[in-house]
Amino acid sequence: MAPMLRRLVTALCLFALPAPAMEFPAPVDDADYRTTDPAKVALGQLLFWDPILSGNRNISCGTCHHPRFGTGDGLSLGLGEGGVGLGPDRVADPENPPEQRIPRNAPALWNLGAHEFTVLFHDGRIEVTEDGLRTPMGPEMTEGFDTLLSAQTMFPVLSPDEMAGHYSENEIAQAVRIGRITGPGGAWDLLSDRVRAIPEYVSLWEAAFPGDDRLDFTDISDAIAQFMEHEWRSDTSPFDVWLQGEGDLPSDALAGLELFYGSAGCATCHSGPFQTDHAFHAMAQPQLGPGKAARFETHARDDGRMRVTGDAGDRFAFRTPSLRNVTLTGPWGHAGAYADLRAFLRDHAAPRGALPGYGRDVVLPALEVEDWRVLDDPEQVAALRAAVRGHDRALAEAEVSALLAFLEALRDDAAQVGRLGVPETVPSGLAVDK
């Protein structure tokens, strides 16, 4: 009997399910991923962990995407420039405090080398279309990037709140402030100059990009993307082994699987091999922090996908996240509104009813800002609830426990530590976040 059929029969017998049977994703294999170049991966590993790409040389990609915190930062809303420390211990630097929190929760990096990931960020503002890569910065800003994931790296290094630095406090922040991104003297060129000045990076670049005439920012981003694709591929969880017919799941995880792919309806959105439909849904997730607004706007609202499409029907809709290693990636929600995954599951299943009683259980370093402007406004709370489509489905505590057991079966301990790990040092000599 084929492994998938055997597992299906096992589930049907265990739970006495009527036809039609539940549908499970096919096991993941190499064909689901892009191939990576070891030389580019080696260069990308060092660049990912090197603070040289931040304006003040104090923040690396790994600062906010660390394996100790499920490739996130362990905070509801992160502190980039102006923060010191790592993970939940990160606090505002009293000598140079942040202007605001980063508006959205740091997304996890699992399986981004899979072909099916054609839209990124919580609002999907960069995506692969029939015409190529689309980003808010226009088509001329996507030239030279090998993949969508590579193009994604252009954004954190240009964000004053994330890596570039506060207005005018360094040459990168100054270039960003006046809109000089590409070309000589642009932010990307200035960052590339830093890397070009280090002989070890030049040698690694020559091995990774033979025949290329100049180390530029797209080379840096391509290498970082390939490292992320290689480092955080995750497809050896207990669930993966079960799908391949080579292992068993505990009874509580099987009960959760029945709910997830059956009556709880989780797989309606969390479908496919990585438990995501890559679509956008309004789920009345609590909103906190500064929201997403232009500098001239004063609201603290986050309209989600609507900021990309301009369609009012997309207001408060956010991309369905993959659930791989989800038990490691808290706090949960696009704004990190839940520090407790059990509470998140309970409220997520019945969002309209849950939102008014939301307990504000977050992980937020102290900062002199207003975090609860939206939730303190009854009209805005009502708008969040009104945007939800579908029906609330109250979960019993036993059902929540079963779903948690299934989600734990999506945890991949081998992937958690990464394939290469955190380097002891980086070529710039700057400190590595460990």
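Residues numbered from 1 in each chain as written. Predicted model: local features only at pLDDT ≥ 70, side-chain atom pairs only at ≥ 80, totals over all residues. Heavy atoms only, no water.

Novice: Looking at this model, I keep getting lost on the overall build of the protein chain. Mind explaining?
Specialist: A count of helices and strands for the protein chain gives 17 helices and 7 strands. At 22 Å, the protein chain has a C-alpha radius of gyration in line with the 22 Å of a compact globule built from 434 residues. Seen along its three principal axes, the alpha-carbon backbone of the protein chain occupies a region of about 65 × 55 × 40 Å. Counting only carbon and sulfur atoms, one obtains 53% of the accessible surface of the protein chain, whose full area is about 18,300 Å². (Helix = DSSP H or I, 4+ residues; strand = E, 2+ residues; numbered from the N terminus. Rg over C-alpha atoms; globule rule 2.2 N^0.38 Å. Areas by Shrake-Rupley, 256 points an atom, 1.4 Å probe, with all protein chains shown as cover.)

Novice: Would you take a moment to explain the pattern of salt bridges for this structure?
Specialist: A side chain of one charge can pair with a side chain of the opposite charge when the charged atoms of the two come close. Enumeration over the complete set of coordinates arrives at 26 salt bridges. Where Lys-40 meets Asp-37, a salt bridge forms, and the shortest distance between an N and an O atom there is 3.5 Å. What makes Lys-40 buried here is its relative accessible area of 12%. Two residues, Asp-303 and Arg-301, come together in a salt bridge whose shortest N-O distance is 2.8 Å. You can call Asp-303 buried: its relative accessible area is 4%. Linked through salt bridges whose partners overlap, the residues forming this network are Arg-104, Asp-123, Arg-125 and Asp-302. (Salt bridge = Lys/Arg side-chain N within 4 Å of Asp/Glu carboxyl O. Buried < 20%, exposed > 50% of the residue type's maximum accessible area, 1.4 Å probe, protein only.)

Novice: Even after reading the chapter, I still don't get the nonpolar core, so can you show me in this structure?
Specialist: Nonpolar side chains tend to gather and get buried jointly when the protein is soluble and globular. Counting residues in hydrophobic clusters, the biggest one holds 57 residues, and the most contacted among them are Phe-48 and Leu-53. At the level of elements, helix H2 (38–49), helix H4 (148–152), helix H5 (160–164), helix H6 (171–177), helix H7 (187–196), helix H8 (199–208) and helix H9 (217–231) are the ones that each hand at least two residues to this core. For this core, the leading source of residues is H9, giving 7 residues. Sequence-distant contacts of Leu-53, that is, excluding residues within four places in its chain, are made with Leu-47, Val-157, Met-163, Leu-191, Val-195, Ile-220 and Ile-224. Leu-249, Leu-259, Ala-300 and Ala-337 belong to the second largest nonpolar core, which has 48 residues in total. (Core = buried A, V, L, I, M, F, W, Y, C linked by side-chain atoms within 4.5 Å. Contact = heavy atoms within 4.5 Å.)

Novice: So what exactly am I meant to see when it comes to the side chain of Asn-170 here?
Specialist: Note on placement: Asn-170 falls in the loop between H5 and H6. One polar contact links the side chain of Asn-170 to the main-chain amide nitrogen of Ala-173, over a distance of 2.7 Å. What Asn-170 contacts, discounting residues up to four positions off in sequence, is Gly-55, Asn-56, Ala-164 and Gly-165. (Polar contact = N/O pair within 3.5 Å; in protein donor to acceptor, adjacent residues only side chain to side chain.)

Novice: Before we go on, may I ask you to explain the environment of Val-426 in this structure?
Specialist: Mapping Val-426 onto the fold places it in the segment after helix H17 (413–417). The class of Val-426 is buried, set by a relative accessible area of 7%. Separated by 379 residues in the primary sequence, Val-426 and Leu-47 have C-alpha atoms spaced 7.8 Å apart.

Novice: Please explain unusual backbone geometry as it appears in this structure.
Specialist: When glycine is set aside, most residues are seen to have a negative phi, and most peptide bonds are trans. Note that the residue after Gly-330, namely Pro-331, is joined by a cis bond; omega there is -5 degrees. One can find Pro-331 in the loop between strand S7 (317–319) and helix H13 (341–349). Not every positive phi belongs to a glycine, and Asn-111 is a case in point at roughly 60 degrees. Looking at the secondary structure, you find Asn-111 in the loop between strand S2 (91–92) and strand S3 (119–120). Given the relative accessible area of 0%, Asn-111 is considered buried. A positive phi angle is found at Ala-284, which is not glycine, with a value near 55 degrees. Looking at Ala-284, the relative accessible area reads 7%, which means it is buried.

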